[in-house]
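What the coordinates show
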Amino acid sequence: MPVLPWSAIDTVLLDMDGTLLDLHYDNRFWLEHLPQRYAELHGVSRAMAEMELQPLFERHAGTLNWYCLDFWSRELRLPIRALKQEIAELIALKPDADTFLAAIRQAGKRVVMITNAHRDSLSLKLERVELAPYFERLISSHDYGYPKESPQFWDALQADIGFDPARSLFIDDTLAILRSARRFGVGHLLAVRQPDSRAEPRDTQEFAAVEDYRQLLIGL
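A quick note: this is a predicted structure, and the numbers were derived from the prediction, not measured.

Analysis parameters
Residues numbered from 1 in each chain as written. Predicted model: local features only at pLDDT ≥ 70, side-chain atom pairs only at ≥ 80, totals over all residues. Heavy atoms only, no water. Helix = DSSP H or I, 4+ residues; strand = E, 2+ residues; numbered from the N terminus. Expected span 1.5 Å × (residues − 1). Bend = angle between axes of the 7 residues up to and from the residue. Buried < 20%, exposed > 50% of the residue type's maximum accessible area, 1.4 Å probe, protein only. Contact = heavy atoms within 4.5 Å. Pairing = 2+ DSSP bridges. Salt bridge = Lys/Arg side-chain N within 4 Å of Asp/Glu carboxyl O. Phe/Tyr/Trp six-rings, centres within 6.5 Å; stacked < 30°, edge-to-face > 60°. Lys NZ or Arg CZ within 6 Å of the ring centre and 35° of its normal.

1. Describing helix 1 (residues 24-42)
- Counted at 1.5 Å a residue, the expected span for helix 1 with its 19 residues is 27 Å, and the 25 Å between its end C-alpha atoms agrees.
- The largest bend in helix 1 amounts to roughly 40° and is located at H33, with the proline P35 lying one to four residues further along.
- Every buried residue of helix 1 is listed here: H24, Y25, D26, F29, W30, H33, L34, P35, R37, Y38 and A39.
- Where helix 1 is buried, its residues meet helix 2 (46-60), helix 3 (69-76), helix 4 (80-85) and helix 6 (119-128).
- Two residues or fewer past helix 1, G43 is found with a positive phi of approximately 65°.

This is how it looks when you write it as structure tokens:
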């Protein structure tokens, strides 16, 4: 994991799910809890539920719809926010993420959350984990109408908050999003080695990766 050039970084842009929060909650919801509740509420087998859901997931992956609870509620005829609440006890902060957030705020960095999470999902997470005080802004890509994978998201973010991409650090657990940020000119990029604490570490390919948030504070 690299030593960050903190003197060259003014703005820290942070993803939420899989970056600050353990992705186990989201994986458990979409891969296990939702198919089970879909089967129960629509009166089909679990296997049939998965057969019906999988093509929909694949079709909308990487789009704004994928992250939109209103879309899935309509599409699946299910109360998605209520179903997410059913396993909300699994929402958890990644180790030492709060220590990192407190330190970079104390150091005078501008700290902004940029998440693809729908506002309903964001509010549910913030009810369980106190993240808001660490951030200047909490921005959902739904505010702009484009996911972070899209170049239009970055144009909208620039117009909104007026940051210098070259003097910004962005941490995210999705490689396609990091590549989108790199094309926009974000100067310092980090992936996340293990977004889901119950899953195997990932190959982050060309990106250096966060493994320990305390290590990132060296030189701050």
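2. As for the pairing of strand 2 (residues 110-115)
- With five of its six residues buried, strand 2 lies for the most part within the structure.
- Relative to strand 2, strand 1 (residues 11-14) runs parallel, the two sharing four bridges. If you follow V12 over to strand 2, its bridge partner there is V111.
- Relative to strand 3 (residues 137-140), strand 2 runs parallel, the two being bridged by four bridges. Paired with T115 across the bridge in strand 3 is S140.

3. Description of the pattern of salt bridges
- Summed over the entire model, instances satisfying the criterion amount to 20 salt bridges.
- Residue D15 is joined to K148 by a salt bridge in which the shortest nitrogen-to-oxygen separation is 2.9 Å. Separated by 133 residues along the polypeptide, D15 in the loop between strand 1 and helix 1 and K148 in the loop between strand 3 and helix 7 (151-161) bring together distant segments of the chain.
- For E86, the salt bridge goes to R37, with nearest N and O atoms at 3.0 Å. Of the two residues, E86 sits in the loop between helix 4 and helix 5 (97-106) while R37 sits in helix 1, which places them 49 residues apart along the sequence.
- Relative accessible area serves as the criterion here: at 36%, E86 is assigned to the partly exposed category.
- Look at the salt bridges and you will find they share partners, linking D17, D26, K84 and K125 into a network.

4. Digging into the packing of aromatic side chains
- Within the structure shown, the criterion is met by 15 aromatic pairs.
- When the centroid spacing of 5.4 Å and the interplanar angle of 80° are considered together, the rings of F57 and W72 count as edge-to-face. In this pair, F57 sits in helix 2 while W72 sits in helix 3, placing the two residues 15 residues apart along the sequence.
- Residue W72 is classed as buried on the basis of its relative accessible area of 0%.
- Of the aromatic side chains, those joined through ring pairs into one cluster are F29, W30, F57, W66, F71 and W72.
- Here K84 stacks its cationic end above the ring of F29, 4.6 Å away from the centre of that ring.

5. Looking at the side chain of H188
- Positionally, H188 belongs in strand 5 (residues 188-192).
- When near neighbours in sequence (up to four residues on either side) are disregarded, H188 contacts P5, A8, I9, A166, S168, L169 and F170.

6. Structural notes on the environment of F207
- Topologically, F207 is positioned in the loop between strand 5 and strand 6 (209-210).
- The exposure class of F207 is buried, given its relative accessible area of 6%.

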